[in-house]
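Okay, here's what each chain looks like letter by letter:
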Amino acid sequence: MPFIIEALASRHDRKGFSCGVPPLDRYLKEQAGQDIKRRAALCYIAHEPESDRIAGYYTLSAGDVALQDIPDDVARRLPRYPVVPVARVGRLAIDTEFQGKRLGAAMLWDAAQKAMRAELGVFALAVDAKDEQAAAFYRHSGFIALQPNSLRLFLPLQTIASLR
Ligand SMILES: CC(C)(COP(=O)(O)OP(=O)(O)OC[C@H]1O[C@@H](n2cnc3c(N)ncnc32)[C@H](O)[C@@H]1OP(=O)(O)O)[C@@H](O)C(=O)NCCC(=O)NCCS
């Protein structure tokens, strides 16, 4: 199913959005606009071409990860700075009606493309999964846990670049 992914705007219908996790629904309806205004996070949404109803969204902001938290085999190839810059997907949610249609994967791919195009140094896409089920989705999508069983995961952008 084709989707358009673009920045959240007032014309998008967020009222009916329901992903099964009330805090993520509330964030889209009550908080996302404020975060955008304050430049704390940007929010990108997906909708079908003929509808403004939001099928999914994610937020993206700048962040960092301590080098000492990164697994040795990856850290070895990084400069010895105390922290490395990342693009953080703070929230990702797909409306229940659209789950299982590869939209979540498409949103992650879109976030990675945006991070790669960013005109500043970004080493990886990073996420804080809300629970083990979400972490399993991210691992399935190629993300690596910072520590074994950690809900903090990252995906080096070099990995994405090598897939293009
Ligand atoms: C988790 C979520 C974002 C996944 O989005 P989705 O559009 O339903 O997932 P997709 O259809 O894109 O799945 C892509 C792949 O991941 C797999 N996958 C989906 N959820 C998974 C899970 N929990 N564990 C492991 N794999 C998973 C799919 O089987 C699919 O595999 P394939 O590429 O081999 O076919 C979505 O279900 C959701 O919004 N859930 C509620 C909110 C939430 O948990 N958000 C997580 C942010 S912390």
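Residues numbered from 1 in each chain as written. Predicted model: local features only at pLDDT ≥ 70, side-chain atom pairs only at ≥ 80, totals over all residues. Heavy atoms only, no water.

Condition: UniProt positions are given in the numbering used here, feature names are shortened, and annotations may be inferred rather than shown by experiment.
Under an unreviewed UniProt entry, the name given to the protein chain is Acetyltransferase (GNAT) family protein, and the source organism is Methylobrevis pamukkalensis. Under the UniProt heading Catalytic activity (unreviewed entry), the note attached to the protein chain is "glycyl-tRNA(Gly) + acetyl-CoA = N-acetylglycyl-tRNA(Gly) + CoA + H(+)".

1. A look at the nonpolar core
This is how it is decided: Side-chain atoms within 4.5 Å are what join buried Ala, Val, Leu, Ile, Met, Phe, Trp, Tyr and Cys residues into a set we call a nonpolar core. The classification of residues rests on relative accessible area computed with a 1.4 Å probe and restricted to protein chains. Under 20% of the type maximum is buried, over 50% is exposed, and intermediate values are partly exposed. Starting at the N terminus, helices and strands are each numbered in turn, a helix being any DSSP run of H or I of at least four residues and a strand any DSSP run of E of at least two. In what follows, a contact means two residues having at least one pair of non-hydrogen atoms within 4.5 Å.
With 29 residues, the main nonpolar core has L125 and Y138 as its most contacted residues. Residue assignment for this core shows that the elements contributing at least two residues are β2 (42-47), β3 (56-66), β4 (83-94), α3 (103-117), β5 (124-128), α4 (132-140), β7 (152-156) and α5 (157-163). Beyond its immediate sequence surroundings of up to four residues, L125 is in contact with L60, A87, V89, L108, A111, A112, A115, F143, L153, F154, L155 and L157.

2. Focus on the pattern of salt bridges
Where we set the bar: Here a salt bridge means any side-chain nitrogen of Lys or Arg lying within 4 Å of a carboxyl oxygen belonging to Asp or Glu.
Inspection of every chain in the model, using the stated rule, returns nine salt bridges. When the shortest N-O distance is used, the salt bridge between R152 and D128 registers 3.9 Å. Within this pair, whereas R152 is found in strand β7, its partner D128 is found in strand β5, the two being separated by 24 residues in sequence. D128 gets classed as partly exposed once you look at its relative accessible area, which sits at 40%. Connected via shared salt-bridge partners are D69, R88, D128 and R152.

3. Digging into α3
The condition is simple: Helices are assigned an expected span. That span is 1.5 Å times one less than the residue count.
The first and last C-alpha atoms of α3 sit 21 Å apart over 15 residues, in line with the 21 Å expected at 1.5 Å per residue. When we look at burial in α3, the residues that qualify are L103, G104, M107, L108, D110, A111, A112, Q113, K114 and A115.

4. Section: the site of the ligand
Note the threshold: Put simply, a residue is near a molecule or strand once any heavy atom of it comes within 4 Å of that molecule or strand. Note on areas: these come from Shrake-Rupley sampling with a 1.4 Å probe, and a residue is covered only by the protein chains present in the view. Here a cavity denotes a set of grid points, spaced 1 Å apart and computed over the protein atoms alone, in which a 1.4 Å probe fits but from which it cannot get out, and a pocket denotes an open set meeting protein on both sides within 12 Å along at least five of seven lines; residues with an atom within 4 Å of a point are reported as lining. A molecule is said to be in a cavity or pocket once over half of its atoms fall within 2 Å of that pocket's grid points. When residue character is reported, Ala, Val, Leu, Ile, Met, Phe, Trp, Tyr, Cys and Pro are called nonpolar, Asp, Glu, Lys and Arg charged, and the others, Gly included, polar.
For the ligand, the set of nearby residues contains 20 residues, the closest of which are I94, R102, G104, A105 and H140. Coverage of the ligand by the protein chains reaches 73% of its 920 Å² of free accessible surface. Taking a 2 Å distance to the grid points as the criterion, the majority of the atoms of the ligand fall inside the largest pocket. Counting residues per element, the shell around the ligand draws most heavily on α4, which supplies six residues. A breakdown of the residues in the shell around the ligand according to their chemical character gives twelve nonpolar, five polar and three charged.

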